[in-house]
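Below are the chains, spelled out letter by letter.
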Amino acid sequence: MRILLPVLLLFLLPGYAARAEPRDMAVRLDDGRQMNFWCAGRAGRPAARPIVILESGWSADSRAWAQVIGPLSRHLPVCAYDRAGSGKSDAGPMPRDGPAIARDLDSALGAANIDGPYILVGHSAGGLYVRHFQALRPDSVAGMVLVDSSVEWQEARFAAVAGPGAGSLEGLRARAAECLGLAQAGPIADTPETARCRTEHPVARWAARLSELETLGGATSEGLPASLGDLPLVALTAGRGWEGAARDFWHGLHREIAARSSRGMARIVDESGHMMIREAPGAIIDAVLDVAAMAAETAMDPHEKPPTPH
């Protein structure tokens, strides 16, 4: 039975009440853009306790976390959000790279009065984006969980070990460019051939998605810290979808990131493919609770820490 004392203490604090049903919260940035959060479990949050921020992968919005946010909110306050140009958030200025996304999140958290400390959780490309946020606001981040995360220079690193085209995202870029072109030409017809391009506000959506892909191997791969000190961190790798040497290489990339922290851990989730947010939400929740426990131990006064058993 898993017992995490720092997390259980939340329920003993006066005024704390978890809310499992997520609710939307729209805020305005200084430039007038609307950003949308989807939050649960925030009622009566003690200021010293972390709030979990969920960052989605490419082309996804806050609702991608539907199987994580409710159960997780029974333990910790949690907010997913819609990046600029996704979900209920307005489009943002180009390019939509990691630093720009991190700045938007920082501004939106301020506008929403959602103060740290934060535990950042990023899926796929979102893993790179939360790392940019940590680089921007290191003192506000209590820990991170990377969910089958993209890594810096990913395409180039795969090509270097497996040959040209290995791990390429060119198919996704071509799809995004095609859909953006259709959207810019006028209303997208409702046909089987164009169904994948149909979305609300398609020009803004596909422009943002294309820019995110085009900058993954550029600005989004630059400027990330070589060391994360003793930041609590868990990197989760999908056990399905890769085979043999490719799986070992992918896991190795995640181990490299975990090794940047003296308290970083890398785990393979054998039962899940890349869409771990749907296939193994419990593994993500366990990782968040482990990071929260490590963060609470760090924040605890030395006189309050339990004695080391002899």
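Residues numbered from 1 in each chain as written. Predicted model: local features only at pLDDT ≥ 70, side-chain atom pairs only at ≥ 80, totals over all residues. Heavy atoms only, no water.

A look at helix H6 (residues 170-185)
The α-helix advances 3.6 residues per turn, and as a result positions three or four apart in sequence lie on the same side.
Logical step 1: End to end, H6 covers 23 Å across 16 residues, agreeing with the expected 22 Å (1.5 Å per residue, within 8%).
Logical step 2: Three or more residues of H6 are buried, namely Arg 173, Ala 176, Cys 179, Leu 180 and Ala 183. Viewed end-on, H6 has its buried residues packed into an arc of 135°, placing them on one side of the element. Exposed residues lying more than 90 degrees from the buried face of H6 are Gly 171 and Ala 185. (Helix = DSSP H or I, 4+ residues; strand = E, 2+ residues; numbered from the N terminus. Expected span 1.5 Å × (residues − 1). Buried < 20%, exposed > 50% of the residue type's maximum accessible area, 1.4 Å probe, protein only. Arc of directions from axis to C-beta.)

Let's talk about the sheet that holds strand S1 (residues 23-28)
Logical step 1: Taken in spatial order, the 8 strands line up as S1-S2-S4-S3-S5-S6-S7-S8 in an open sheet, and their pairing is mixed. The sheet terminates laterally at S1 and strand S8 (264-269), the two strands that pair on one side only. When strand polarity is set aside, the average angle formed by the axes of neighbouring strands in this sheet is 20°.
Logical step 2: With 5 bridges joining them, strand S3 (residues 51-55) and strand S5 (residues 118-123) adopt parallel strand pairing. (Pairing = 2+ DSSP bridges. Axes fitted to C-alpha atoms, helices over the stretch in contact; angles between N-to-C directions.)

Side note on the nonpolar core
Logical step 1: Core analysis: the biggest nonpolar cluster contains 52 residues, and Phe 37 and Ile 114 have the highest contact counts within it.
Logical step 2: Other than its neighbours up to four places away in sequence, Phe 37 contacts Arg 23, Asp 24, Met 25, Val 27, Cys 79, Ala 80, Tyr 81, Leu 105, Ala 108, Leu 109, Ala 112 and Ile 114.
Logical step 3: One finds Leu 54, Ile 277, Ala 280 and Met 294 within the second-largest nonpolar core, a separate group that totals 33 residues. (Core = buried A, V, L, I, M, F, W, Y, C linked by side-chain atoms within 4.5 Å. Contact = heavy atoms within 4.5 Å.)

With respect to the state of the cysteines
Logical step 1: For the structure on display, the rule yields 2 disulfides.
Logical step 2: The disulfide that involves Cys 39 links it to Cys 79, with 1.9 Å between the sulfurs. Taking the sign of the S-S torsion, about 115° here, the bridge from Cys 39 to Cys 79 comes out right-handed. Of the two residues, Cys 39 is situated in strand S2 (residues 34-40) and Cys 79 in strand S4 (residues 78-82); the sequence distance between them amounts to 40 residues.
Logical step 3: We classify Cys 79 as buried; its relative accessible area is 0%.
Logical step 4: Put simply, Cys 179 and Cys 197 are joined by a disulfide, and their sulfur atoms are 2.0 Å apart. (Disulfide = S-S within 2.5 Å.)

Considerations on the side chain of Asp 97
Logical step 1: Counting through the fold element by element, Asp 97 comes out in the loop between S4 and helix H3 (98-111).
Logical step 2: Of the buried charged residues, Asp 97 lacks a salt bridge, with Arg 103 as the closest side chain of opposite charge at 5.0 Å.
Logical step 3: The contact partners of Asp 97, leaving out residues within four places of it in the chain, are Thr 215, Ala 219 and Thr 220. (Lys, Arg positive; Asp, Glu negative; His and termini not counted. Salt bridge = Lys/Arg side-chain N within 4 Å of Asp/Glu carboxyl O.)

Concerning the confidence of the model for the chain
Logical step 1: Scored by pLDDT, the chain comes out at a mean of 90, with 88% of its residues at no less than 70.
Logical step 2: In this model residues 1-19 is a low-confidence stretch, pLDDT under 50, and it forms 41 contacts with partners more than four residues away in sequence or in other chains.
Logical step 3: Scored below 50 in pLDDT, residues 301-310 makes 3 contacts in the model with residues more than four places away or belonging to other chains. (pLDDT = per-residue confidence, 0-100.)

Some thoughts on the pattern of salt bridges
In a structure, side chains of opposite charge can pair up when their charged atoms sit close to one another.
Logical step 1: Tallied over the entire structure, the rule returns 19 salt bridges.
Logical step 2: Two residues, Arg 137 and Asp 106, come together in a salt bridge whose shortest N-O distance is 2.9 Å. Highlighted residues: Arg 137 in the loop between helix H4 (125-136) and strand S6 (141-147) and Asp 106 in helix H3, separated in sequence by 31 residues.
Logical step 3: Classification of Arg 137 by relative accessible area gives partly exposed; the value is 35%.
Logical step 4: Here Asp 106 falls in the partly exposed class, since its relative accessible area comes to 21%.
Logical step 5: Salt bridges sharing common partners tie together Asp 31, Arg 33, Arg 96 and Asp 104.

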